Amino acid sequence: MVDVAIDVNGRATWATVEARTLLVHYLREVLGLTGTNIGCDTSSCGACTVLLDGESVKSCTVLAAQADGHAVTTIEGLAAGDELHPMQAAFREHHGLQCGYCTPGMVMAAVSLATERGELSEEAVREGLEGNLCRCTGYQNIVAAVIAGSAAMQGAGGPAVAPVDGAGAGAG
Ligand code: FES
Ligand code: FES
């Protein structure tokens, strides 16, 4: 067993977990943050994408112990209260989802890409999100949403990831 302490969406969390516990299981099962989905067992779908110190990672490929002492942002931490993050708003406006299963991972990967690269071209979106799979949409609306969301993020001028209010929430 290992002790982990991870900042998740601006809140301190901690728990004692098995050393083999994956970050995605820590988020979903220890913290109850089920917005991060599991879509495969081959590290190929991207449904589990979160930000680790601002960089997108597939949380099924990271041990919770590896995130000890680091900051994680999940889809639950993206909106500022009732105000959707610009990328979330763009997905809604452009109908960038159908069943929605891939959407949290898509949005997190898109936020990371737009934070890193600024306003995105169609080619940049298709290349940058090739690690995120969608079984429903045919991608066209997702691509349109990410292009619009990346532009809106530049216009917003604020932090790519909104801070979350609230006190620490221990998990163990
Ligand atoms: Fe992590 Fe599919 S669940 S890549
Ligand atoms: Fe259904 Fe992408 S909207 S998997």
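Residues numbered from 1 in each chain as written. Chains lettered and ligands numbered in written order. Predicted model: local features only at pLDDT ≥ 70, side-chain atom pairs only at ≥ 80, totals over all residues. Heavy atoms only, no water.

**A look at the pattern of salt bridges**
- For the structure on display, the rule yields two salt bridges.
- One salt bridge connects E18 with R20, and the closest N-O pair in it is separated by 2.9 Å.
- A relative accessible area of 39% means that E18 is categorised as partly exposed.
- Between R126 and E122 there is a salt bridge, and its shortest N-O distance comes to 3.0 Å. Here R126 pairs with E122, and both are found in helix α4 (residues 122-128), just four residues apart, close to one helical turn.
- Taking relative accessible area as the criterion, E122 reaches 39% and is therefore assigned partly exposed. (Salt bridge = Lys/Arg side-chain N within 4 Å of Asp/Glu carboxyl O. Buried < 20%, exposed > 50% of the residue type's maximum accessible area, 1.4 Å probe, protein only. Helix = DSSP H or I, 4+ residues; strand = E, 2+ residues; numbered from the N terminus.)

**Remarks on the nonpolar core**
- One finds M87, F91 and V146 to be the most contacted residues of the largest nonpolar core, which totals 24 residues.
- When residues of this core are traced back to their parent elements, those giving at least two are α2 (86-93), α3 (103-117), α4 and α5 (140-156).
- No other element matches the eight residues that α3 contributes to this core.
- With residues up to four places along the chain from it excluded, the contact list for M87 reads V107, A110, V111, A114, A145, V146, G149, S150 and M153. (Core = buried A, V, L, I, M, F, W, Y, C linked by side-chain atoms within 4.5 Å. Contact = heavy atoms within 4.5 Å.)

**Re the packing of aromatic side chains**
- Under the criterion given, the structure shown has zero aromatic pairs.
- The aromatic ring of Y101 is capped on one face by R135, whose charged end is 6.0 Å from the ring centroid. (Phe/Tyr/Trp six-rings, centres within 6.5 Å; stacked < 30°, edge-to-face > 60°. Lys NZ or Arg CZ within 6 Å of the ring centre and 35° of its normal.)

**Quick notes on the domain arrangement of the chain**
- Examined at the domain level, the chain breaks down into domain 1 (2-77) and domain 2 (86-155).
- Inter-centroid distance (C-alpha atoms) of domain 1 to domain 2 is 21 Å.
- Summed over both sides, the interface of domain 1 with domain 2 buries roughly 1,100 Å², with 57% coming from carbon and sulfur.
- The largest per-residue losses of area from domain 1 upon contact with domain 2 belong to N37, T49 and I75, which jointly make up 39% of the total buried on that side.
- At the junction of domain 1 and domain 2, the tally comes to zero salt bridges.
- Along the contact surface separating domain 1 from domain 2 lie seven residue pairs in polar contact (both at pLDDT 80 or more).
- Of all elements in the fold, only β3 (49-52) and β4 (55-58) reach the threshold of two or more residues within the side of domain 1 that touches domain 2.
- Of the residues belonging to the side of domain 1 that touches domain 2, the class tally is six nonpolar, 10 polar and two charged. (Domains from an automatic or database assignment. Buried area = accessible area lost by both parts, 1.4 Å probe. Polar contact = N/O pair within 3.5 Å; in protein donor to acceptor, adjacent residues only side chain to side chain. Nonpolar A, V, L, I, M, F, W, Y, C, P; charged D, E, K, R; others polar.)

**Here's the deal with the side chain of T103**
- Of note, T103 is situated in helix α3.
- Looking at T103, the relative accessible area reads 11%, which means it is buried.
- Those residues in contact with T103 that sit more than four places away from it in its chain are F91 and L97.

**Re the pairing of β4**
- Bridge count between β3 and β4: four bridges; the pairing is antiparallel. If you follow V50 over to β4, its bridge partner there is V57.
- Hairpin connection, β3 to β4: the antiparallel pair is bridged by two residues, and D53 has positive phi, about 50°. (Pairing = 2+ DSSP bridges.)

**What to know about the packing of α2 against α3**
- Direction vectors running N to C along α2 and α3 enclose 125°, while the axes themselves pass 9 Å from each other. Judged by the inter-axis angle, α2 sits oblique to α3. Of the two possible hands of crossing, α2 and α3 adopt the one that is right-handed. Listed contacts from α3 to M87, Q88 and F91 of α2 are T103, M106, V107, A110, V111 and A114.
- Among the residues making up the contact of α2 with α3, the classes are represented as seven nonpolar, two polar and no charged. (Axes fitted to C-alpha atoms, helices over the stretch in contact; angles between N-to-C directions. Parallel < 35°, antiparallel > 145°, perpendicular 65-115°, else oblique. Left-handed = near helix turned anticlockwise from the far one by under 90°.)

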